[in-house]
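Geometric and topological summary
Residues per chain are reported as follows:
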Amino acid sequence: MQNQKNTKLISFIGGDTGCWETLSLTAVAGETLAKSARLNIVKGEDHESSIGSLWTLKAVVSNLRYTNRSEKNALDQNSRALGQPEYDYAALIPIKKSDEWWALTQDERRKIFEEDSQHIRISSKYLSMISRQLHHCRDLGEPFDFLTWFEFSSGHAHAFDELLNALRKTEEWKFVTREIDIRFKKVM
Ligand code: HEM
């Protein structure tokens, strides 16, 4: 096979550079990560940016797994793109799920994710306040399965916490074995 560059790859680099200043880092479940001063987000392969960093987490933006057509239509209509100028806060929440979760079939996981836990239904109420991007990394052999990224205004930080608290009480979260909640403020 030809050795091509992975242009879908995105690296989250915890170090001294980048436009996101770290406000807090909390290990919600499992082993923690070191708290860096800044976060740098780099597209594509970029080994140089990682030099001297505390950690680099890699992932890709992938296709949807569980969202059905009507849910997708509603999400597409109401989602706001990343990079809104007034969204000065962000959260990176790397997540790993258990072997038990990954041993389930697609339909079993969808049932837990939405019919039992209402992940989309609960979260959709926050779409006007929070921009988001889900990244997958399980198949890259990374320490986490997902790198979830959210942007919002400082005034909506409490709403983001409220959503997280609701999600963490769901059946879906019983399968989460590692979760680090890292918060940032935009600096230039
Ligand atoms: C703005 C609110 C949010 C919306 C609208 C939302 C929506 C969604 C949707 C539609 C999916 C399914 C993607 C698919 O079909 O594969 C998903 C997956 C996921 N979301 Fe959220 N979400 C929100 C907030 C959150 C928060 C606060 C977290 C906490 C970290 C989170 C963590 C995840 C994870 C880990 C997955 C992957 C689940 C899996 O594939 O097992 N989401 N989200």
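Our structure is the block above this text.
Parameters at a glance
Residues numbered from 1 in each chain as written. Predicted model: local features only at pLDDT ≥ 70, side-chain atom pairs only at ≥ 80, totals over all residues. Heavy atoms only, no water. Helix = DSSP H or I, 4+ residues; strand = E, 2+ residues; numbered from the N terminus. Rg over C-alpha atoms; globule rule 2.2 N^0.38 Å. Buried < 20%, exposed > 50% of the residue type's maximum accessible area, 1.4 Å probe, protein only. Contact = heavy atoms within 4.5 Å. Areas by Shrake-Rupley, 256 points an atom, 1.4 Å probe, with all protein chains shown as cover. Near = heavy atom within 4 Å. Polar contact = N/O pair within 3.5 Å; in protein donor to acceptor, adjacent residues only side chain to side chain. Nonpolar A, V, L, I, M, F, W, Y, C, P; charged D, E, K, R; others polar. Salt bridge = Lys/Arg side-chain N within 4 Å of Asp/Glu carboxyl O.

Comments concerning the overall build of the chain
Helix and strand content of the chain: six helices and eight strands. What you see in the chain, going N to C, is helices and strands ordered as β-β-β-α-β-α-β-α-α-α-β-β-α-β. Computed over C-alpha atoms, the radius of gyration of the chain comes to 17 Å, within 12% of the 16 Å expected from 2.2 N^0.38 for 188 residues, which places it in the range of a compact globule. Reported as C-alpha extents along the three principal axes, the dimensions of the chain are approximately 45 × 45 × 30 Å. Counting every position in the chain, which comprises 188 residues, the buried fraction comes to 44%. Taking the intrachain contacts of the chain between residues at least 6 apart in sequence as the baseline, contacts between residues at least 24 apart amount to 75%. Per element, the accessible surface of the chain, about 10,500 Å² overall, is 50% carbon and sulfur.

Topic: the site of the ligand
In the vicinity of the ligand, 26 residues are found, and the nearest of them are Arg65, Tyr66, Thr67, Lys97 and His119. Arg65 is positioned with one of its backbone polar atoms (N or O) 2.6 Å from an oxygen atom of the ligand. Thr67 places a polar side-chain atom, nitrogen or oxygen, 2.6 Å from an oxygen atom of the ligand. Breaking the shell around the ligand down by element, the ones donating at least two residues are strand S5 (89–97), helix H5 (119–124), strand S6 (131–136), strand S7 (146–152) and helix H6 (157–168). If you tally residues by element for the shell around the ligand, the top one is H6, at four residues. Class assignment for the residues of the shell around the ligand results in 18 nonpolar, four polar and four charged.

Comments concerning the pattern of salt bridges
Under the defined criterion, the tally for this structure stands at 11 salt bridges. Asp76 is the salt-bridge partner of Lys72, the closest N and O atoms lying 2.6 Å from each other. Here Lys72 pairs with Asp76, and both are found in helix H2 (residues 69–78), just four residues apart, close to one helical turn. Its relative accessible area of 27% is what places Lys72 among the partly exposed residues. Assessed through its relative accessible area of 49%, Asp76 is described here as partly exposed. Among the ionic pairs, Asp161 bridges to Arg183, the shortest N-O distance being 2.8 Å. Of this pair, Asp161 sits in helix H6 while Arg183 sits in strand S8 (residues 176–186), and the two are 22 residues apart along the sequence. Looking at Asp161, the relative accessible area reads 31%, which means it is partly exposed. Connected through salt bridges with shared partners, the residues Asp161, Arg168, Glu179, Asp181 and Arg183 form a single ionic network.

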